[in-house]
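Residue-level listing of the chains:
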Amino acid sequence: LTKPVRRSELLKAISTVLSNDGTPLSAHSPVTAPPAVADTPTSSASPMPRKIYRLLLAEDNLINQRVALLQLKKLGYTADIAADGREVLAALGRENYDAILMDCHMPEMDGYEVCHLLKKNEQTQLIPIIMITALQELEDKVRGIEAGADDFLNKPFNIAEFAARVRSSLRL
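Quick caveat: nothing in here was measured; it's all calculated off a predicted structure. (Residues numbered from 1 in each chain as written. Predicted model: local features only at pLDDT ≥ 70, side-chain atom pairs only at ≥ 80, totals over all residues. Heavy atoms only, no water.)

Description of helix H4 (residues 111-120)
Taken residue by residue, H4 has Gly 111, Tyr 112, Val 114, Cys 115, Leu 118 and Lys 119 as its buried positions. One side of H4 carries all its buried residues, which in axial view fall inside an arc of 165°. The elements touched by buried residues of H4 are helix H3 (85-94), strand S3 (99-103), strand S4 (129-133) and helix H5 (138-147). (Buried < 20%, exposed > 50% of the residue type's maximum accessible area, 1.4 Å probe, protein only. Helix = DSSP H or I, 4+ residues; strand = E, 2+ residues; numbered from the N terminus. Arc of directions from axis to C-beta. Contact = heavy atoms within 4.5 Å.)

Some words on helix H6 (residues 159-170)
Along an α-helix, a turn takes 3.6 residues, which lines up residues three or four apart on a common side. With 12 residues, H6 should reach 16 Å at 1.5 Å per residue; the first-to-last C-alpha distance of 17 Å fits that figure. Of the surrounding secondary structure, the elements contacted by the buried residues of H6 are strand S1 (54-58), helix H2 (62-75), S3, S4 and strand S5 (151-154). For H6, the N-terminal capping position is held by Asn 158, with its side-chain oxygen 2.8 Å away from the main-chain nitrogen of Ala 160. (Expected span 1.5 Å × (residues − 1). Polar contact = N/O pair within 3.5 Å; in protein donor to acceptor, adjacent residues only side chain to side chain.)

Some remarks on the pattern of salt bridges
Note on pairing: side chains with opposite charge can pair once their charged atoms come close. Enumeration over the complete set of coordinates arrives at nine salt bridges. Of the charged contacts, one joins Arg 143 and Asp 110 as a salt bridge, the two residues approaching to 3.5 Å between their closest N and O atoms. With Arg 143 in helix H5 and Asp 110 in the loop between S3 and H4, this pair connects stretches of sequence that are 33 residues apart. Across the pair Arg 165 and Glu 161 runs a salt bridge whose closest N-O atoms are separated by 2.9 Å. Of this pair, Arg 165 and Glu 161 both sit in helix H6, four residues apart, which is roughly one turn of the helix. Judged by its relative accessible area of 33%, Glu 161 is partly exposed. Each member of the salt-bridge network shares a partner with another, and the members are Arg 54, Asp 80 and Glu 95. (Salt bridge = Lys/Arg side-chain N within 4 Å of Asp/Glu carboxyl O.)

A few points about the environment of Ala 68
With respect to the helices, strands and loops of the structure, Ala 68 is situated in helix H2. Assessed through its relative accessible area of 4%, Ala 68 is described here as buried. Residues Ala 68 and Phe 157, spaced 89 residues apart in sequence, show a C-alpha to C-alpha distance of 9.4 Å. With residues near it in sequence (within four places) discarded, Ala 68 still touches Leu 57, Phe 157 and Phe 162.

Thoughts on the nonpolar core
Core analysis: the largest hydrophobic core is formed by 22 residues, its most contacted members being Leu 56, Val 88, Leu 92, Ile 100, Met 102, Leu 118 and Met 131. With four residues, H4 is the largest single contributor of residues to this core. Leaving out residues up to four positions away in the same chain, Met 131 has contacts with Met 102, Cys 104, Gly 111, Tyr 112, Cys 115, Ala 149, Asp 151, Phe 152 and Leu 153. Core analysis: the next-biggest nonpolar cluster, separate from the first, contains 17 residues, Leu 55, Tyr 77, Ala 79 and Leu 170 among them. (Core = buried A, V, L, I, M, F, W, Y, C linked by side-chain atoms within 4.5 Å.)

A few points about the environment of Leu 118
The topology assignment puts Leu 118 in helix H4. On a C-alpha basis, the gap between Leu 118 and Ala 147 in space is 9.3 Å, while along the polypeptide they are 29 residues apart. In contact with Leu 118, not counting residues within four places along its chain, are Val 88, Leu 89, Leu 92, Ile 100, Met 102, Thr 124, Gln 125 and Ile 129.

Overview of the sheet that holds strand S2 (residues 78-82)
Taken in spatial order, the five strands make up an open sheet running S2-S1-S3-S4-S5, and their pairing is parallel. Only two strands of the sheet have a single partner each, and these edge strands are S2 and S5. Averaged over all neighbouring strand pairs, the angle between strand axes comes to 20°, with direction disregarded. Of the strand pairs in this sheet, S1 and S3 are connected by four bridges, and their pairing is parallel. (Pairing = 2+ DSSP bridges. Axes fitted to C-alpha atoms, helices over the stretch in contact; angles between N-to-C directions.)

Quick look at the state of the cysteines
Applying the stated criterion across every chain, the model contains zero disulfides. The cysteine Cys 104 is free of any disulfide, with Cys 115 supplying the nearest cysteine sulfur at 8.8 Å. Exposure remark for Cys 104: the relative accessible area of 0% places this residue in the buried category. (Disulfide = S-S within 2.5 Å.)

As structure tokens, this is what we get:
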């Protein structure tokens, strides 16, 4: 791509990169992630079952969903998507998750409110929550931490930092 970049050119380039076969993704192309695997056992004499981590990605932006799912897939995790706060609560009513990656600003119910509700509930209070946002203000981070977030990650995120924060949240 050359600057200045038109929005349509950027979207096409991103969707081509995210597709497995080099063709652009459509708005409804599924992006799936394989099961995640914990560290392999050190002894080959008695193989231990490997932990499969199940994550919930709460993100309303389709491009951000695809980027995060691709990164999670590369890291070996599997994730479900919730596009707003109400979908997060519904998903938690159906499934058990090992961690939640949640955008701060979503329609219906924002990430701060959902985080606060989850941390007040005995059944969900121990699920690690990583708040993900494009906001750079200290006040926004403090608000997330006060709502009960376990960690904070700014968009656009560095893959190494993203991987370290997800791994760290799964050890809590």
